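# Observations on the model geometry
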Amino acid sequence: MMGNDGMQFTVGIDVGGTFTDFYCAAEGVAVTTKTPTTHYDLSVGFMQGMRQLAQEYAVPFEAFLSDISSLRYSTTVGTNALIERNGPKLGLFTTAGFEDTIFIGRARSWADGLSLQQCRDQARIQKPEPLIEPEMVVGVRERVDYSGKVITPLQRQEVLDKLRELVDKGAQGFVVSLLWSFINPQHELMVREIIEEEYPEDYLGSMPVILSSAVSPKAGEYTRTMTAVVNSYIHGVMSEEINALANELRDNGYTRPLTLVHNTGGTKKASRTRAVLTHNAGPVAGLHGAATLGKLNEEHNIIFSDMGGTSFDIGLIEKGEIRTHDFIPVIDRWRTNIPAIEVKSIGAGGGSIAWINELMDNAMEVGPRSAGAMPGPACYDQGGQEPTVTDADLLLGIYNPENYLGGEMLLDIDLARDVIAEKIAGPLGIEPVEAAYRIRRLVDARMGQEVFNEVALKGHDPRNFVLLACGGAGGAHACGYSPYIGTQRILVPGQSSVFGAFGASTMQIKEVWERSRAIKMFDWGEQRFLQDLDIFNNLVAALKDSAIRDLRLEGYAEEQISFKLELDMRYGSQYKLTSVESAGLFLNNSGDVEALCDSFTDRYAQIYSPEATFPSGGINVETFFLTASIIKPALALQTTEPAGAQPDSAALRCHRPVYWDPQQGFVDTPIYEFSLLRSGNQIHGPAIVEAAQTTYVIAPGWKFTADKWGSAMIESLTAKGVN
């Protein structure tokens, strides 16, 4: 493609369930590629993709790696360790009398992490198998009260006795979670000190010790403990995988630190990242990419949807900002309390398997099971024996069997037809093409309804949002699921099939520091606002000092850091928490207190209606979240000069029969080449636009317009002002 000439490369990588995606930019010139995710060893697919990028730039591999200025990586290593249950044998220290906390769990533990279909099967539903065996949990006599006062001191000898007991049972790491440690971590620190004295780093018996007060200094005994347990469980596996990958990169010429994407919305050095913060990082990266693209297109309200091979991800951008957080996210089957950006995922993608549910009168269902990358859909001809959404799309004429992934993978339409005929059409007594059409319609309806629920239940009107459809299958299905949402404008990025990787390359250095502390901002009993502002300000100052110290170790000066304070607040008698962004970090006077309470009331009214507000019932702050960011120059995107509405004649490659609906059957449909379209070119449906790694389907009644950023806006012709 080009020589190096001193170029500096920015690389984003997103490891998905089916493919590992790569996005590389240098001086406004972007290159993308995809490799099958090699679950047996993620570094194999990773290094294969990096070599392909170097080949695209016509740069020797070692020179390419040495000239990478930023490499941001989102990984599924930790998630895989949980799914496969191949983590280490852990020991848990807790307060005596509370040894059963993680086994009792919460009422919701039965359903956490399960699909709706699994939850409905109440005769078979089970609590998850614990990550720590009951005999590996020990209680130590100690007690700290709610204010942080030590009531019962910790005894060193008891800790030593319990420690030796766990080591003799095969412990390979330790979790320490004591009551009220998020207020006063003194006893947890003592336990760690004792363990490290007994098994110092120069001993072969040295083992990691994870404190709940360090990983999750927030209220909620069960979720705080499970956050520390999950972090410990995937810590070792991730450490080995990331270190091996970093060493391989360094051996081939890479000189900078490996940076991991966090689910809190930022990136940090792998060496200074907690394992639990990498869960679901890929979809969060995609959401950041959506915000970046939205700003370029002056779109401030965006519904983010990513249809890949395995899952369908949903997120929300409101007024140009990512405001929705899930403060008790479920990781696999475990409810934690990390401050993750909320991105909902369902089992719907190109690899989702269609099946007949005999328990529901032979009703057809799609997902949540997926064929993944291996063996993949039947049409991949890699041994897949189940009908998938991709097989259905191929049979309907949506995909060109000789031009899938830019011609790098040939699809077998006969295998797709045979498996749909055997597993779906036969049992239903219909033709294979009708079965394929039903599969497509069903997955579109399911995705559309999930998006509508996610947006409408947060108090938004979907009609005021543009739908951003990305992922390898997003552009192919957006016109199908958009009507169920109510949106009439669809933005499909040019980087659609690798959008998580693109999003990763746009992210900044950022982390969230958090701490629980109940403060009455408005006391309902005395009907007055907070008087002692130091209670609030001292805690914020402590969080700020921690952030500055941590980012200095990353190599950044204090003046480079920007801060944002968010608070979990509630009315005095309520359990439900509402996130509010504070206008400033500190409270300077009583007016600031009143303004913060007013902000909470306004936000509460926006979500639940003004009639639901009740300020006189008291307003409390429960948890502080301080976000520290290092703002760097935005990623430069290549633009094209505008052209007319009429595409160049060369862009129309051919016509192909496509099955749009049962009334019309197969219709001879124009097929366009995306790379030959220019900014401003318009195409009216029905039509299909084929790109190297994705397909744009313009259904009848929709219009496609290419933009200067290499993206496309697909609009309903029934929308007001569209013609």
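Preceding this paragraph is the structure being described.
All of the points below concern the structure found in this document.

Rules behind the numbers
- Residues numbered from 1 in each chain as written.
- Predicted model: local features only at pLDDT ≥ 70, side-chain atom pairs only at ≥ 80, totals over all residues.
- Heavy atoms only, no water.
- Helix = DSSP H or I, 4+ residues; strand = E, 2+ residues; numbered from the N terminus.
- Rg over C-alpha atoms; globule rule 2.2 N^0.38 Å.
- Contact = heavy atoms within 4.5 Å.
- Areas by Shrake-Rupley, 256 points an atom, 1.4 Å probe, with all protein chains shown as cover.
- Lys, Arg positive; Asp, Glu negative; His and termini not counted.
- Charge placed at Lys NZ, Arg CZ, Asp CG, Glu CD.
- Pairing = 2+ DSSP bridges.
- Axes fitted to C-alpha atoms, helices over the stretch in contact; angles between N-to-C directions.
- Buried < 20%, exposed > 50% of the residue type's maximum accessible area, 1.4 Å probe, protein only.
- Polar contact = N/O pair within 3.5 Å; in protein donor to acceptor, adjacent residues only side chain to side chain.
- Disulfide = S-S within 2.5 Å.
- 1 Å grid on protein atoms, 1.4 Å probe; cavity = no way out; pocket = protein on both sides within 12 Å on 5 of 7 lines; lining within 4 Å.
- Points joined across faces, edges and corners; volume = space filled by probe spheres on them.

With that settled, the discussion passes to the overall build of the protein chain. Scanning the protein chain from N- to C-terminus turns up 17 helices and 35 strands. Taken against the 2.2 N^0.38 rule, which gives 27 Å for 723 residues, the C-alpha radius of gyration of the protein chain at 27 Å falls within 12% of a compact globule. Taking the principal axes of its C-alpha atoms as reference, the protein chain extends roughly 80 × 65 × 60 Å. In the protein chain, the proportion of contacts linking residues at least 24 apart, taken out of those at least 6 apart, comes to 67%. For the protein chain, the accessible surface area stands at approximately 30300 Å², while carbon and sulfur atoms represent 49% of it. In the protein chain, 61 side chains carry a positive charge and 90 a negative one; their mean positions are 5 Å apart.

Once that is clear, we can look at the sheet that holds strand β34 (residues 702-706). Taken in spatial order, the 8 strands of this open sheet run β19-β14-β13-β22-β23-β35-β34-β31, and their pairing is mixed. Looking along the sheet, the strands with just one partner apiece sit at the ends: β19 (344-346) and β31 (682-684). Strand-to-strand twist in this sheet, taken as the mean axis angle between neighbours without regard to direction, amounts to 20 degrees. Taken together, the 6 bridges between strand β13 (residues 302-307) and strand β14 (residues 312-317) define a ladder with antiparallel strand orientation.

Structurally, S516 is set in strand β24 (residues 509-523). Classification of S516 by relative accessible area gives buried; the value is 3%. Polar contacts involving the side chain of S516 include one to the side chain of T623, which spans 3.4 Å. When near neighbours in sequence (up to four residues on either side) are disregarded, S516 contacts F182, I183, P217, K218, A219, E622 and T623.

Before going further, it helps to examine the state of the cysteines. For the structure shown, the criterion picks out 0 disulfides. Note on C479: no disulfide assigned, nearest cysteine sulfur contributed by C470 at a separation of 15 Å. Cysteine C654 remains unbridged, with the sulfur of C379 as its closest cysteine sulfur at 19 Å.

This paragraph deals with the layout of surface pockets. Taken as a whole, the second largest pocket spans an internal volume of roughly 1400 Å³. Around the second largest pocket, the lining comprises 48 residues; the ones closest to its centre are A214, R272, T273, R274 and E511. Elements supplying a minimum of two residues to the lining of the second largest pocket: α7 (186-198), β10 (209-211), α8 (212-215), α9 (221-251), β12 (267-269), β24 and α16 (534-553). With 8 residues, the single largest contributor to the lining of the second largest pocket is α9.

Turning our attention to the sheet that holds strand β30 (residues 665-673). Read across the open sheet, the 4 strands follow the order β29-β30-β32-β33; overall the sheet is mixed. The open sheet terminates on both sides in strands that have one partner only, identified here as β29 (652-661) and β33 (695-698). With strand direction ignored, the average angle separating the axes of adjacent strands in the sheet is 30 degrees. The pairing of β30 with strand β32 (residues 687-690) spans 3 bridges and is parallel.

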